[in-house]
Amino acid sequence: NSIPPIHSSLHDNPEQAMDFKTLHEQIHYIANKHLSDKGKTIFFLSRIEGKSNTEIADVLNISKKKVENQLYVALKILRKKLKDLHN
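Here is a short report on the structure shown in this document. (Residues numbered from 1 in each chain as written. Predicted model: local features only at pLDDT ≥ 70, side-chain atom pairs only at ≥ 80, totals over all residues. Heavy atoms only, no water.)

Moving on to the nonpolar core. For soluble globular proteins, the rule of thumb is that nonpolar side chains tend to be buried together. Core analysis: the largest hydrophobic core is formed by 9 residues, namely I30, A31, L35, F43, F44, A74, L75, L78 and L82. Only α1 (14–34), α2 (37–48) and α4 (64–85) provide two or more residues apiece to this core. Sort the elements by how many residues they give to this core and α4 lands first, with 4 residues. Dropping the residues within four chain positions of it, A74 is found in contact with L35 and F43. In terms of nonpolar packing, the next biggest core, distinct from the first, is built from 7 residues, L45, I56, V67 and L71 among them. (Core = buried A, V, L, I, M, F, W, Y, C linked by side-chain atoms within 4.5 Å. Buried < 20%, exposed > 50% of the residue type's maximum accessible area, 1.4 Å probe, protein only. Helix = DSSP H or I, 4+ residues; strand = E, 2+ residues; numbered from the N terminus. Contact = heavy atoms within 4.5 Å.)

You can see T41 is positioned in helix α2. By relative accessible area, T41 is classed as partly exposed at 36%. Distance from T41 to A31, taken between C-alpha atoms, is 9.6 Å for residues 10 residues apart in sequence.

This part is about the layout of surface pockets. Each pocket or cavity is described by its volume, and for the largest pocket that value is around 210 Å³. Lining the largest pocket are F20, L23, H24, I27, F43, R47, I48, L75, L78, R79 and L82. Elements with a contribution of two residues or more to the lining of the largest pocket: α1, α2 and α4. Considering only residue class, the lining of the largest pocket consists of 8 nonpolar, 1 polar and 2 charged. (1 Å grid on protein atoms, 1.4 Å probe; cavity = no way out; pocket = protein on both sides within 12 Å on 5 of 7 lines; lining within 4 Å. Points joined across faces, edges and corners; volume = space filled by probe spheres on them. Nonpolar A, V, L, I, M, F, W, Y, C, P; charged D, E, K, R; others polar.)

Structure, rendered in structure tokens:
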């Protein structure tokens, strides 16, 4: 057994790439179906675009605390729904 290279990409492992694609699709489906519009926007700005909570608060003209609360709710919903899908 050899240790895979640290900088391997998903292209090097088709099975892992398919798992990632499936997970990505499931996250989008759950977010679109179960999150509020504001929750979706905040989640995607944070997790997909990589913006900080402060940046999101500035862009949406809301408090950083509101961003944190919305992310907490979104992640809680996503964890539960993903777990439900895989049980």
